[in-house]
Amino acid sequence: MALATYLYNDITDYQIDKINNRRSAHELDNIKHRITICYTIAFFVIATILAFSINIATGIASLIFSGLAIAYSNPRIQLKNMFIIKTTVTGGGAFITSMMGCLSSGTFSHLGIISSLIAFLFYFILGPLGDISDLKGDGKAGRRTFPIVLGIKKTLIITIAASFIITSLFFISDMYLGISIAGAVFGIIVTMFILSRIYKISKHPENKLELNKCRRSIRYCIFACQISLLSGVLTAGIFS
């Protein structure tokens, strides 16, 4: 689903990607471009079939994700051009895919919700940072992104706020949902690392190379936070 989503977004973002000097599917010739479209459709179909093969709830979640992905990039709808909605939709996609992991087990858990909320909040860090990097192209395309509407300083404040909310979710998971203090501390250390990266980039937000490095390292932190929750569950009896 992620492959299909990124390919479809590349197909519909040709002009803006050129302005932002990004490599995309449109650098290919016409024949390879048509093949890319076929791959995109195939990935959506295969992902949906695989999701329904697990159970109905997971399959329905995959349909919702695909619907959001198409509405996000489709030229007639283009949710990605709508202020706040753009980041909310991308975060919603992360929430849904995380919940698919929970639903695939055939059960429902509050920790599944916490895990999915963390995935959602990460896109209020990654999304605005990406918007800062794409400020020039988005401005020419008339998009209303966080840095264009609020400015870079307030945009960075949003990323910091999202980081602190993630920290609070680890406290909640420790106090009310039974994960060990070790798992919570691990997760908080990860969020402190995120804050340090945001602080570093705030000194030179115009440096696209450093912005991309920052976003890349924060992407890995998504997995680190999930590992923190998992380790907190597995060691709950040891450190309780």
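Throughout, residues of each chain are indexed from 1 in the direction in which the sequence is written. Per-residue local features are limited, in this predicted model, to residues with pLDDT of at least 70; the limit for side-chain atom pairs, both in listing and counting, is 80 or more; totals at the level of whole chains, interfaces and linings are taken over all residues. In computing side-chain values, all of the structure's heavy atoms are included and hydrogens and water are not.

A word on the overall build of the chain. If you tally the helices and strands in the chain, you get 12 helices and 0 strands. N-terminal to C-terminal, the α/β element order of the chain is α-α-α-α-α-α-α-α-α-α-α-α. The C-alpha atoms of the chain give 19 Å as radius of gyration, which agrees with the globular expectation for 240 residues (18 Å, within 12%). Along the longest, intermediate and shortest principal axes, the C-alpha atoms of the chain span 60 × 50 × 25 Å. For every residue, the accessible area (1.4 Å probe, protein chains only) is compared with the maximum for its type, and the residue is labelled buried under 20%, exposed over 50%, or partly exposed between those bounds. Across the 240 residues in the chain, those meeting the buried criterion constitute 45%. We call two residues contacting when some pair of their heavy atoms lies within 4.5 Å. Look at the contacts in the chain between residues 6 or more apart in sequence, and 70% of them connect residues 24 or more apart. Secondary structure elements are taken from DSSP: a helix is a run of H or I of four residues or more, a strand is a run of E of two residues or more, and numbering for both begins at the N terminus. When we talk radius of gyration, it's over C-alpha atoms, and the globule rule is simply 2.2 Å times the number of residues to the 0.38.

Another point: the nonpolar core. The biggest cluster of nonpolar side chains holds 30 residues, and the ones touching the most others in it are Ile118, Phe122, Ile125, Leu129, Ile166, Ile194 and Ile218. For this core, the secondary structure elements donating two or more residues are α6 (110-133), α9 (152-176), α10 (181-202) and α11 (208-234). Take this core: its biggest share by element is 9 residues, from α6. Ignoring any residue separated from it by four or fewer positions in sequence, one finds Ile194 in contact with Phe122, Ile125, Ser163, Ile218 and Cys221. Remark: nonpolar core denotes a set of buried residues (Ala, Val, Leu, Ile, Met, Phe, Trp, Tyr, Cys) joined through side-chain atoms within 4.5 Å. Grouped together as the second largest cluster of nonpolar side chains are 10 residues, Ala4, Phe44, Ala69 and Met100 included.

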